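Structural features, examined
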Amino acid sequence: MTAAPTRTGGPTDLGALRQLAVTTLDANWEHDHTVPSRTLYPHQWSWDSAFIAVGLAHVRPERAWRELASLFRAQWADGRVPHIVFNPALSVGAYFPGPELWRSTDAQGAPAGHTSGLVQPPVHALAALLAYRRAPEPVGLAALHELYPALVAQQRYLADRRDVAGDGLVCIVHPWESGLDNSPAWDDPMAAVPAEAAVMRAYRRHDTAHADAAHRPTDLDYARYLAIVAAYRDHGYADRALADHPFLVECPLFNAAFGAAEHALAEIAALIGADPGPHRVRATRITEALVRRLYDPATGTFQPRDVRAGRLLGARTVLGLTPLILPDLPTTQADALVVEARSARFGVAARMDRPLPSHDRTAPDFEPLRYWRGPSWLNIGWLVRRGLLAHGHPELAAGLRRSMIGLVAGAGCHEYFHPDSGAGLGSAAFGWTAALVLDLLADEV
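An account of the accompanying structure is given in this report. (Residues numbered from 1 in each chain as written. Predicted model: local features only at pLDDT ≥ 70, side-chain atom pairs only at ≥ 80, totals over all residues. Heavy atoms only, no water.)

Notes on the overall build of the protein
Helix and strand content of the protein: 16 helices and 11 strands. For 445 residues, the compact-globule estimate of 2.2 N^0.38 gives 22 Å, and the protein sits close to it at 20 Å. Counting only residues that meet the buried cut, the protein has 61% of its 445 residues in that class. Contacts spanning at least 24 positions in sequence make up 71% of the contacts within the protein whose residues lie at least 6 apart. (Helix = DSSP H or I, 4+ residues; strand = E, 2+ residues; numbered from the N terminus. Rg over C-alpha atoms; globule rule 2.2 N^0.38 Å. Buried < 20%, exposed > 50% of the residue type's maximum accessible area, 1.4 Å probe, protein only. Contact = heavy atoms within 4.5 Å.)

Some remarks on the nonpolar core
One broad rule of soluble globular proteins: the nonpolar side chains tend to lie buried together. Of all hydrophobic cores here, the largest spans 140 residues; its most connected members are Trp65, Trp186, Leu356, Leu378, Ile380 and Leu388. Looking at which element gives the most residues to this core, the answer is helix α11 (residues 252-272), with 12 residues. Not counting chain neighbours up to four residues away, the residues in contact with Trp65 comprise Ala128, Ala131, Tyr132, Gly140, Ala143, Leu144 and Leu147. (Core = buried A, V, L, I, M, F, W, Y, C linked by side-chain atoms within 4.5 Å.)

Quick word on the sheet that holds strand β8 (residues 305-306)
On the basis of which strands lie adjacent, the open sheet formed by three strands has the order β5-β8-β9 and antiparallel pairing. Here the strands that pair on one side only, and so sit at the sheet edges, are β5 (249-250) and β9 (311-312). As paired strands, β5 and β8 are joined by two bridges and run antiparallel to one another. In the strand pairing of β8, Val249 is matched with Asp306. (Pairing = 2+ DSSP bridges.)

Observations regarding the pattern of salt bridges
Enumeration over the complete set of coordinates arrives at 24 salt bridges. Its salt-bridge partner being Asp443, residue Arg385 comes within 2.9 Å of it at the nearest N-O pair. Here the residue Arg385 occupies a position in helix α14 (residues 378-390), and Asp443 occupies one in the segment after α16 (431-442), the gap between them amounting to 58 residues. You can call Arg385 buried: its relative accessible area is 3%. Shared partners join several salt bridges into a network, and the residues in it are Asp78, Arg80, Arg161, Arg162, Glu177 and Asp239. (Salt bridge = Lys/Arg side-chain N within 4 Å of Asp/Glu carboxyl O.)

Description of the side chain of Arg361
Of note, Arg361 is situated in the loop between α13 (331-342) and α14. The class for Arg361 is buried, based on a relative accessible area of 12%. A polar atom in the side chain of Arg361 sits 2.8 Å from the side chain of Asp420. Beyond its immediate stretch of four places on either side in the chain, Arg361 contacts Ala344, Arg345, Arg354, Pro355, Phe366, Pro419 and Asp420. (Polar contact = N/O pair within 3.5 Å; in protein donor to acceptor, adjacent residues only side chain to side chain.)

Focus: α11
If you check α11, its first and last C-alpha atoms are 30 Å apart, about what 21 residues at 1.5 Å a residue would give, namely 30 Å. The element α11 is extensively covered by neighbouring structure, given that 17 of its 21 residues are classed as buried. In the segment just after α11, Gly273 is the residue with positive phi, at about 90°. (Expected span 1.5 Å × (residues − 1).)

Digging into the packing of aromatic side chains
Within a pair of aromatic rings, the relevant descriptors are the distance that separates the centres and the angle that separates the planes. This structure, assessed with the given rule, holds 23 aromatic pairs. The residue whose ring lies beneath Arg80 is Trp76, and the NZ or CZ to ring-centre distance is 4.6 Å. The aromatic ring of Trp382 is capped on one face by Arg386, whose charged end is 5.6 Å from the ring centroid. (Phe/Tyr/Trp six-rings, centres within 6.5 Å; stacked < 30°, edge-to-face > 60°. Lys NZ or Arg CZ within 6 Å of the ring centre and 35° of its normal.)

Re the packing of helix α15 (residues 394-411) against α16
One can describe the packing of α15 onto α16 by two numbers: an axis separation of 10 Å at closest approach and a directional angle of 135°. Classified by the angle between their axes, α15 and α16 sit oblique to one another. Judged by the twist between their axes, the crossing of α15 over α16 is left-handed. Contacts between α15 and α16 involve Arg401, Met404, Ile405 and Val408 from the first element and Thr433, Val437, Leu440 and Leu441 from the second. Across the contact of α15 with α16, the residue classes break down as six nonpolar, one polar and one charged. (Axes fitted to C-alpha atoms, helices over the stretch in contact; angles between N-to-C directions. Parallel < 35°, antiparallel > 145°, perpendicular 65-115°, else oblique. Left-handed = near helix turned anticlockwise from the far one by under 90°. Nonpolar A, V, L, I, M, F, W, Y, C, P; charged D, E, K, R; others polar.)

So, the environment of Glu196
As for its placement among the helices and strands, Glu196 is situated in the loop between α8 (187-191) and α9 (207-210). Given the relative accessible area of 58%, Glu196 is considered exposed. Once residues within four sequence positions are removed from consideration, Glu196 is found in contact with Leu220 and Ala223.

Examining unusual backbone geometry
The omega angle of the peptide bond from Phe96 to Pro97 is 0°, so this bond is cis rather than trans. Look at Tyr237: it is not a glycine, yet its phi comes out positive at around 55°. Within the fold, Tyr237 resides in the loop between α10 (219-233) and β5. Phi angles above zero are rare outside glycine, and Trp372 is one such case at about 65°. According to the relative accessible area criterion, Trp372 is buried, its value standing at 1%.

Encoded structure:
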């Protein structure tokens with residue numbers, strides 16, 4: 001039985017949709033930041049805050065700047081921006097894995113408050129630039145002045161500490177750093193991480209208490225996640241000895257965000273009177289390295305590179321489309337990614353019958369319900385849409401925009417959506433979904 005296609009072309013009460021998004025963000029506001037959701041994700045997440053700031057700039061611009069400022073107050077001395085900043089007011093067990101597993105305060109250069117030791121894609125400079133463009137007021141310009149050194153330090157950390165292969169690209173040390181935690185892209189390197197599912201009997205998973213276990217990573221996946229965290233933590237989250245780390249991957253999305261951040265920093269530098277030149281030079285070098293290291297001409301897409309195994313990982317996931325966000329991506333690669341986006345694997349079109357999936361919908365391991373192994377996410381669609389606009393495909397960008405708005409109109413501000421029916425999955429009242437639909441509604445294309 002074929003699932004009904006998502007309704008993307010019918011009439012929508014855009015005013016009501018906008019109010020739903022604003023109400024969701026207001027309900028998730030927590031004194032100086034927005035929680036992704038009140039149930040499953042009650043702390044502050046790094047790239048969530050970046051996407052949320054973009055949406056807040058349309059309706060609560062002062063909160064957009066507080067959102068980013070609060071996140072960067074947790075920046076480590078080495079420049080890393082942790083992927084979770086824990087709320088000390090919440091009880092132990094409010095989220096797993098919590099501060100007791102990360103033990104960040106034992107690490108050199110960590111902030112006084114509890115955080116994780118991992119990072120997430122550096123979309124923050126882009127978010128800061130867009131927040132300013134959405135609300136170009138003196139307070140926003142002052143906020144850019146304040147944020148600029150921290151954003152530069154974030155990029156410096158990634159360039160200096162995470163270029164494990166010495167090729168100009170950033171290496172992620174955990175699937176959680178990619179943002180696409182459970183993607184099929186990580187199956188091969190994850191399979192090499194020694195762990196037993198029985199380890200999880202000693203823990204209480206928070207996610208499966210709030211979401212269907214069939215939609216979430218398995219216990220074996222989680223055992224491997226924890227083994228990788230322990231390996232990094234037990235070395236003090238130091239990056240000088242990563243050659244022996246169990247998970248080392250160059251991710252297309254992470255490195256595309258890394259390059260896009262330099263483009264954004266060049267614009268921010270010009271706005272605040274700093275020199276944009278070095279940022280432009282670094283942006284060019286990152287794009288060149290991304291094409292050299294991660295583009296696979298045989299498939300016409302970008303693929304992660306397993307640094308330990310010395311090879312590209314072959315799963316065709318939505319990660320491969322995200323380098324479109326780089327404005328200097330060469331025409332050969334940009335055109336190939338548009339072909340990939342329009343293929344049966346992803347189905348981007350001027351009028352889309354189904355949402356953009358997170359994994360090749362023609363693949364035998366496509367799972368429409370399981371976290372990042374098929375479902376559709378607004379943040380990834382939002383990035384791909386920006387890339388399509390940047391490379392001269394407004395009709396495809398418009399189709400993707402209508403599809404994403406249709407998802408939220410039909411199911412609400414869910415964490416993610418069924419890639420065929422458009423049904424809402426994961427957490428309801430999800431922060432970045434609300435924020436990004438506000439951004440989409442404010443645009444005409």
